[in-house]
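Chain residues, written in single-letter form:
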Amino acid sequence: MSQSMALEEWATRFDQHRPRLQSIARRTLGSPWAADDAVQETWLRLQRAERAAIDNLEAWLTTVVSRVCIDQIRHRSSRPEDLIDEPEVVDEPSEGADPSDQAMLADDLGLAMQVILDQLGPLERLALVLHDIFALSYDDIAPIVERTATAARQLASRGRAKLRAVDVGAVRSRQQHAITAFLDAARAGDFGGLLQLLDPEIELRADDDAVTLATEGAEYGAPLLTGTTRGGDAVARVFAGRAELTRLVLVDGLPAAAYVSDGVVHAVYLVSIEDGRITGLDVLADPARLASLHTAF
């Protein structure tokens, strides 16, 4: 078998794991675009690895994408004043039952992490995501975060305690209200209303599939998407009088919007909200990206 053919087979195997890797990275990093970079770096590392020595590809990929995420977070916080402090952990079990040791519901964890993501260190984020969402044991997480299993549990427990301070019910309600108001204003062509709901510095990013889908549907009222649009005025023009088929949904437990036709999700709008205003919109229609999302409507 040629080396190129062997690599093609590994690429096929990698693509089977891509949605899971995308989900781990996106939840940990908080951005689909940063997740893309992490998954691509994972693929590059697989190409350079001694692939014949990999016994469990899923475990190997999970470890690599997790460590790539850690590197990304630390790189973004490379200035001394921006360093994220990791909690000090010890190899001693806690006495008694600690409520923060109980795994959170994945949807609640995802929403709480969105609110205070920057208050969590990279190892806390990973321990929480891998344990509470992907059900890895602390024994499995330990080598990924390069700590003992006890220390991995403590990382998750301390991070979870921070997240439990977030009133996820209230946050979810406020975000759903903001997205509903945005969609209503868009459909009604209420330009002034859109400006009130959009942060002046908002950034709208759409993947290539979303741009193509919107272009093909422009005459039927699809948003006038391009790759990147910045500023409240420009983004309001993209949506004013449009988005007729876009509806409120939950994506991995987070309020979002989606273009749904005949019960099929064709595109999702991941929405970032601060102080009641929409600060970011990520429009995704790439099948691999959609496969990494759980959309409920």
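Residues numbered from 1 in each chain as written. Predicted model: local features only at pLDDT ≥ 70, side-chain atom pairs only at ≥ 80, totals over all residues. Heavy atoms only, no water.

The next point concerns the packing of helix α6 (residues 138-145) against helix α7 (residues 149-163). Axis separation between α6 and α7 bottoms out at 8 Å; the angle between their running directions is 90°. Taken together, α6 and α7 sit at an angle that is classed as roughly perpendicular. The segment α6 lies against α7, with Tyr-138, Asp-139, Ile-141, Ala-142 and Val-145 engaging Ala-149, Ala-152, Arg-153, Leu-155, Ala-156 and Arg-160. Across the contact of α6 with α7, the residue classes tally to eight nonpolar, no polar and three charged. (Axes fitted to C-alpha atoms, helices over the stretch in contact; angles between N-to-C directions. Helix = DSSP H or I, 4+ residues; strand = E, 2+ residues; numbered from the N terminus. Parallel < 35°, antiparallel > 145°, perpendicular 65-115°, else oblique. Contact = heavy atoms within 4.5 Å. Nonpolar A, V, L, I, M, F, W, Y, C, P; charged D, E, K, R; others polar.)

Turning our eyes to something else, we now look at the sheet that holds strand β6 (residues 277-284). The sheet built from seven strands is open, its strands ordered β2-β1-β6-β5-β4-β3-β7 with mixed pairing. Since the sheet does not close on itself, it has two edges, and those belong to β2 (228-230) and β7 (295-296), each with one partner. Relative to strand β5 (residues 264-274), strand β4 (residues 254-261) runs antiparallel, the two sharing six bridges. Of the residues in β5, the one forming a bridge with Ala-256 is Leu-270. Against the sheet, helix α10 (residues 208-216) makes contact with β1 (198-206), β4, β5 and β6, and its axis sits at roughly 95° relative to β1, the strand it touches most. Against the sheet, helix α11 (residues 232-239) touches β1, β2, β5 and β6, its axis set at about 55° to β1. (Pairing = 2+ DSSP bridges.)

What follows covers the packing of aromatic side chains. Taken as a whole and assessed by the stated rule, the structure comprises three aromatic pairs. With a centroid separation of 5.3 Å and 45° between ring planes, the pair formed by Phe-14 and Trp-43 is classed as tilted. Taken together, the residues Phe-14 in helix α1 (residues 3-29) and Trp-43 in helix α2 (residues 32-48) connect sequence positions 29 residues apart. Like Trp-43, Phe-14 is buried. Residues Phe-182 and Phe-239 carry aromatic rings whose centres are separated by 5.1 Å and whose planes lie at 70° to one another, so their mutual orientation is edge-to-face. Here Phe-239 lies in helix α11 and Phe-182 lies in helix α8 (residues 168-188), a separation of 57 residues in the sequence. Residue Phe-239 is classed as buried on the basis of its relative accessible area of 1%. Connected via pairs of aromatic rings, a cluster forms that spans Phe-182, Phe-239 and Tyr-269. Lying over the aromatic face of Trp-10, Arg-13 brings its terminal NZ or CZ to 4.6 Å of the ring centre. (Phe/Tyr/Trp six-rings, centres within 6.5 Å; stacked < 30°, edge-to-face > 60°. Buried < 20%, exposed > 50% of the residue type's maximum accessible area, 1.4 Å probe, protein only. Lys NZ or Arg CZ within 6 Å of the ring centre and 35° of its normal.)

Under the counting rule described, the total for this entry stands at 15 salt bridges. Residue Arg-27 pairs with Asp-252 through a salt bridge whose shortest N-O separation is 3.3 Å. Placement of the pair is Arg-27 in helix α1 and Asp-252 in the loop between β3 (246-251) and β4, with a sequence separation of 225 residues. For the pair Arg-27 and Asp-252, one class covers both residues: buried. The shortest N-O distance in the salt bridge between Arg-237 and Asp-233 comes to 2.9 Å. (Salt bridge = Lys/Arg side-chain N within 4 Å of Asp/Glu carboxyl O.)

Confidence in the prediction of the chain, expressed as mean pLDDT, is 90, and 90% of residues score 70 or more. Low confidence marks residues 79-85, where pLDDT is under 50. Its contacts with residues over four positions away, or in another chain, come to eight contacts. (pLDDT = per-residue confidence, 0-100.)

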